[in-house]
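Survey of secondary and tertiary structure
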Amino acid sequence: MKNNNFLYTISEKLFSAYGHNLSNIIIVFPSRRAHVFFTEELSKIINQPIWLPKFYSIEDLIFEIGDLNQVNKLELFLMFYNLYNKNINNPQPIDQCYKWATVLLEDFNELDKSYVDDIKLFQYLSDIKRLDAWDLDLNQETEFTTNYLLFFDKLKILYQSLKKELFLNGMAYSGLAQRKLADKPEIIEGWMKNKNCEKIVFVGLDALTKSQEVFIDYLLTKKLCDIYWDTDKYFFENTKQESAKFLRKYKEKWPTLFNDIKNHFLSIPKSVNIFGVSKNITQAKLLGNLLSDQNYNPENIKRVAIILPNESLLPAVLESLPPNIENINVTMGYKLFSHPLASIYYDILQLYHTKKNASLSSEDTLFSSHDIINLFQNPYFKSLLDK
C-alpha cells in the first residue's frame, strides 16, 4: 500500500529533486516540531548517510534573516512605557497604562502583519476620534477631551519611536520582523548567498499574513522558493470547507502552485464509534481501556491522535495511558498552574499572603496554622525535606 503521508510524499519529491544535495536547501515548516517527523519520513527513503537540509519554523526564519531577536511582552511594554512618558503630557501611572497598552501593542503587531500604511492609518484614526469628540460649543472642551485627542495624534510618533528603539537594540515583535522583510525582501537573497542556499522550500503553510505574502511573492518571482501545500481536494474544492479558505485565495494569486492536489481523504475507509460517558475522569479511563484493547505496536501508535476538547483533561489522560505506550508527543498548551508541582508554590505564597505581625511594636511574624499544615502535607515539600 502506497504511503500517502504528506511529509513522506514531500520527502520523496525533495530527495528526487536534490538527491544527496539536500543540504543546499532550507526547509521551512509552520512550527519547529514538524521537522522531527519530516526527518523520520526521509530516513525511510535514503539508503546511506547524507547531510540534512537546514530546518526552520517560519517565525524563526523571519527573525534569522532580519538579524533580530524576538522581544518578550514585558520588555516590549517597558520600552513602550518609557517612550509614552517622554511623548505624552500627563502620562498615566505604569499600572494603569499596562491595562490598555498590551492591547495597543498587539494592535501594532497586527498592523505590521497586515502590512498597513501606518501613516495613513494613524491619520485616519486621529480624524475619526476628532469627529467623535466634536462639540459645537468649543468653550465646553475639557482637559480630558484635549488630552484624549492629543493621545491619538501622538500614536504615530509612539509607533515610529518604538519601531526605531527596537531596531536600535536588534529586537522586534513578530509583526515588525515580518514587515522588515516585506519592506526589503532583497535582504533574503543576500542571506541565502551567505548560507550557500539554492532554494527555500515552504512546507505545509496555511494562513499567511500580508507581510509574509509580500516577501514570499518576491521569492517566487525570483524563483528562489518552492511551496508545498498540505491539503486535499475534498477540502480544497468544497467552498463550504473553511479549512482551505486561505489556500483557495492563494490559488487565485499563485495558480501554478496548486497543480498537484491529492484526493486521498474520500478513498480512506472510516469507522466512527461514539461512546456516552459521564465525568472527565471516566472519559480518560475509557480512553486508556480503548488503547489497551487495540494492542498498538510502537510503529502503529505513531498514527494515533488523541484530540482533547479541554486542556484540563491532559493530566488525567496522561495518567490513564497504558504502560506499553512509552513515547508520546504532546502538542497542546498546558498551563503551569495545572501541574501538581505548582501546588508547593501556591502553598508558600498563601503562607506569606496571610501572615500577620504579632503586634505593632514587635517584629515577630505569625503564620496561619492551616497554611503551615497544608505546606507540610504537600508531597513535593516532603520530598524536599527528605533530601
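The structure under discussion appears in the preceding block.
The following refers to the structure shown. Note that the structure is a prediction, hence the values are computed from the model and not measured.

The rules behind these values
- Residues numbered from 1 in each chain as written.
- Predicted model: local features only at pLDDT ≥ 70, side-chain atom pairs only at ≥ 80, totals over all residues.
- Heavy atoms only, no water.
- Axes fitted to C-alpha atoms, helices over the stretch in contact; angles between N-to-C directions.
- Helix = DSSP H or I, 4+ residues; strand = E, 2+ residues; numbered from the N terminus.
- Parallel < 35°, antiparallel > 145°, perpendicular 65-115°, else oblique.
- Left-handed = near helix turned anticlockwise from the far one by under 90°.
- Contact = heavy atoms within 4.5 Å.
- Pairing = 2+ DSSP bridges.
- Patch = residues over 30% accessible without salt bridge, like charges linked within 9 Å, V, L, I, M, F, W, Y side chains within 5 Å.
- Areas by Shrake-Rupley, 256 points an atom, 1.4 Å probe, with all protein chains shown as cover.
- Salt bridge = Lys/Arg side-chain N within 4 Å of Asp/Glu carboxyl O.
- Buried < 20%, exposed > 50% of the residue type's maximum accessible area, 1.4 Å probe, protein only.
- Expected span 1.5 Å × (residues − 1).
- Polar contact = N/O pair within 3.5 Å; in protein donor to acceptor, adjacent residues only side chain to side chain.

1. Things to note about the packing of helix α8 (residues 174–183) against helix α10 (residues 210–221)
At a minimum axis separation of 8 Å, α8 and α10 run at an interaxial angle of 30 degrees. If you check the angle between α8 and α10, you find them roughly parallel. α10 is crossed by α8, and the crossing has left-handed handedness. In contact with Q178, R179, L181 and A182 of α8, α10 contributes S211, Q212, V214 and F215.

2. Topic: the sheet that holds strand β1 (residues 25–29)
To summarise the sheet geometry, strands pair through backbone hydrogen bonds and adopt either a parallel or an antiparallel arrangement. The strand order β2-β1-β5-β6 describes an open sheet built from four strands, whose pairing is parallel. Each having just a single partner strand, β2 (54–57) and β6 (225–228) make up the two edges of the open sheet. Direction aside, the axes of adjacent strands within the sheet are offset by 20 degrees on average. Relative to β6, strand β5 (residues 199–203) runs parallel, the two sharing four bridges. Within the sheet, the bridge partner assigned to V201 lies in β6 and is D226.

3. Some points on a nonpolar patch on the surface
A contiguous nonpolar patch, built from L74, L78 and I94 and spanning about 270 Å² of accessible area, is present on the exposed surface. Here I94 is to be found in helix α5 (residues 94–113).

4. Observations concerning the pattern of salt bridges
One pass over the full model with this rule turns up 10 salt bridges. Two residues, D260 and K13, come together in a salt bridge whose shortest N-O distance is 2.4 Å. Of the two residues, D260 sits in the loop between α12 (245–253) and α13 (280–294) while K13 sits in helix α1 (residues 6–18), which places them 247 residues apart along the sequence. By relative accessible area, D260 is classed as partly exposed at 40%. The closest approach of N and O atoms between E213 and K253, which form a salt bridge, is 3.2 Å. Here E213 is found in helix α10, whereas its partner K253 is found in helix α12, with 40 residues between them in sequence. Judged by its relative accessible area of 6%, E213 falls in the buried class. Here the residues in one salt-bridge network are K13, D260 and K262, joined through shared partners.

5. Side note on unusual backbone geometry
At N90, a position not held by glycine, the phi torsion is positive, near 55 degrees. Here N90 is to be found in the loop between α4 (73–87) and α5. With a relative accessible area of 56%, N90 lands in the exposed category. Of note, K223 is a non-glycine position whose phi angle comes to about 55 degrees, a positive value.

6. Some words on the environment of I65
Inspection of the secondary structure puts I65 in helix α3 (residues 58–65). With a relative accessible area of 8%, I65 lands in the buried category. Along the sequence, I65 and W191 sit 126 residues apart, while their C-alpha atoms lie 6.3 Å from each other. If sequence neighbours within four positions are ignored, I65 has contacts with L181, I187, I188 and W191.

7. Topic: α1
Relative to the 18 Å expected for 13 residues at 1.5 Å per residue, α1 spans 18 Å between its end C-alpha atoms, a close match to the ideal helical length. Those residues of α1 lying buried are L7, Y8, T9, I10, S11, L14, F15 and Y18. Next to the buried residues of α1 lie β1, α2 (34–43), β5 and β6. Between the side-chain oxygen at the start of α1 and the backbone nitrogen of L7 there is a gap of 2.8 Å, and the oxygen is on N5. Of the residues flanking the end of α1, it is G19, one or two places downstream, whose phi is positive at about 55 degrees.

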